[in-house]
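Spelled out from the first residue to the last, the chains are:
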Amino acid sequence: MSSSQTVSLSGQSSELECNFFPPLEVGSKSEIGLLSIQTYNSIPNVGAGCDTLHIINGSQRVTTKIKIPTGCYEIIALEAKIRELLKDIGVRFFSLSTDNSTLKCTLHCNSEIDLNVDGSIAPLLGFDRRILECDRRHESDRVVKIMNVNTIKVECNLALGSFDNGRQSHTIHEF
């Protein structure tokens, strides 16, 4: 005779946990498996610590801080949001695009952009901390880091036999 138990977890944090007391009783020939996992891309890539652009405008070199709202942006959506914010301070031209071959981005603006500030969006776009000259195309120094999560790991402390970098783990699925 076999029996089965299903455990469902839901939540909005990056870690979901379920503790049983008393613990589940399982026999020596028991099996554990993952029936399904459902997730969607709602992890913000723009937020506190990586959400600002400092625009240096005009001959007076007036610096304006642009704060991008927290969210999960693709490059096209990020460009649109930045353009919208820049309209308010009179910036005429701003372009942000990616090169699918190199995975780097190109930024072009008619004003200088100071990426050498705390909270700059530079790391997400692959740029080092520096000032980007106006009216010039700038290619990022590294690949764009638009996704700040690249692995989802499902662990269950009832499972044995998995290894993570040579150490035993309780992983039942990873993608």
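Counting restarts for each chain, with residues numbered from 1 along the sequence as it is written. The predicted origin of the model limits local features to residues at a pLDDT of at least 70 and limits the giving and counting of side-chain atom pairs to 80 or more, whereas totals for whole chains, interfaces and linings rest on all residues. With hydrogens and water excluded, all non-hydrogen atoms of the structure serve as input to the side-chain values.

Draft legend 1. Just the overall build of the chain, in detail. Per the secondary structure count, the chain includes two helices and 11 strands. The helix count covers DSSP runs of H or I at least four residues long, the strand count covers runs of E at least two residues long, and both are numbered beginning at the N terminus. Written out in order from the N terminus, the α and β elements of the chain read β-β-α-β-β-β-α-β-β-β-β-β-β. In terms of overall dimensions, the chain has C-alpha extents of about 80 × 30 × 25 Å along its principal axes. Type-normalised accessible area, obtained with a 1.4 Å probe on protein chains alone, sets the label of each residue: buried when under 20%, exposed when over 50%, and partly exposed for intermediate values. Here the chain, with 175 residues, has 31% of them falling under the buried criterion. Contacts between residues were defined by any pair of non-hydrogen atoms, one from each residue, lying within 4.5 Å. Long-range pairs, those at least 24 residues apart, make up 43% of the contacts in the chain with a sequence separation of at least 6. All accessible areas in this document rest on Shrake-Rupley with a 1.4 Å probe, and a residue is counted as covered only by the protein chains that are shown. Summed over its atoms, the accessible surface of the chain is roughly 12600 Å², and 48% of this surface lies on carbon and sulfur atoms. Asp and Glu are treated as the negative residues and Lys and Arg as the positive ones, with His and the ends of the chain left uncounted. Charged groups are reduced to one reference atom each: NZ for lysine, CZ for arginine, CG for aspartic acid, CD for glutamic acid. In the chain, the 17 positive side-chain charges and the 21 negative ones have mean positions that sit 6 Å from each other.

Draft legend 2. A look at the sheet that holds strand S4 (residues 104–109). A pair of strands is considered paired only if DSSP assigns at least 2 bridges between the two. Read from one edge to the other, the open sheet built from three strands follows the order S3-S4-S7, with strand pairing classed as antiparallel. The open sheet is flanked by strand S3 (94–99) and strand S7 (136–139), the only strands paired with a single partner. Looking at each pair of strands side by side, their axes are set apart by 20° on average, direction ignored. Pairing of S4 with S7 involves four bridges; the strand directions are antiparallel. Following the sheet pairing, Cys 109 is matched in S7 by Arg 136. The axes are straight lines fitted to the C-alpha atoms, using for helices just the contacting stretch, and the angles between their N-to-C directions are given from 0 to 180°.

Draft legend 3. Highlighting a nonpolar patch on the surface. The residues that make up patches have over 30% relative accessible area and no salt bridge, and they are joined within 9 Å when like-charged or within 5 Å when they are Val, Leu, Ile, Met, Phe, Trp or Tyr. By salt bridge we mean one thing: a side-chain nitrogen of Lys or Arg within 4 Å of a carboxyl oxygen of Asp or Glu. Together, Val 7, Leu 9, Leu 16 and Phe 20 make up a nonpolar patch on the protein surface, roughly 340 Å² of accessible area in all. For Leu 16, the position within the fold is in the segment before strand S1 (52–57).

Draft legend 4. Expanded view of the side chain of Glu 112. For Glu 112, the location among the structural elements is in strand S5 (residues 112–114). Here Glu 112 falls in the buried class, since its relative accessible area comes to 17%. Beyond its immediate sequence surroundings of up to four residues, Glu 112 is in contact with His 54, Ile 55, Ile 56, Arg 61, Ile 131, Leu 132, Glu 133 and Cys 134.

Take it as geometry only, folks, not as evidence of what the structure does.
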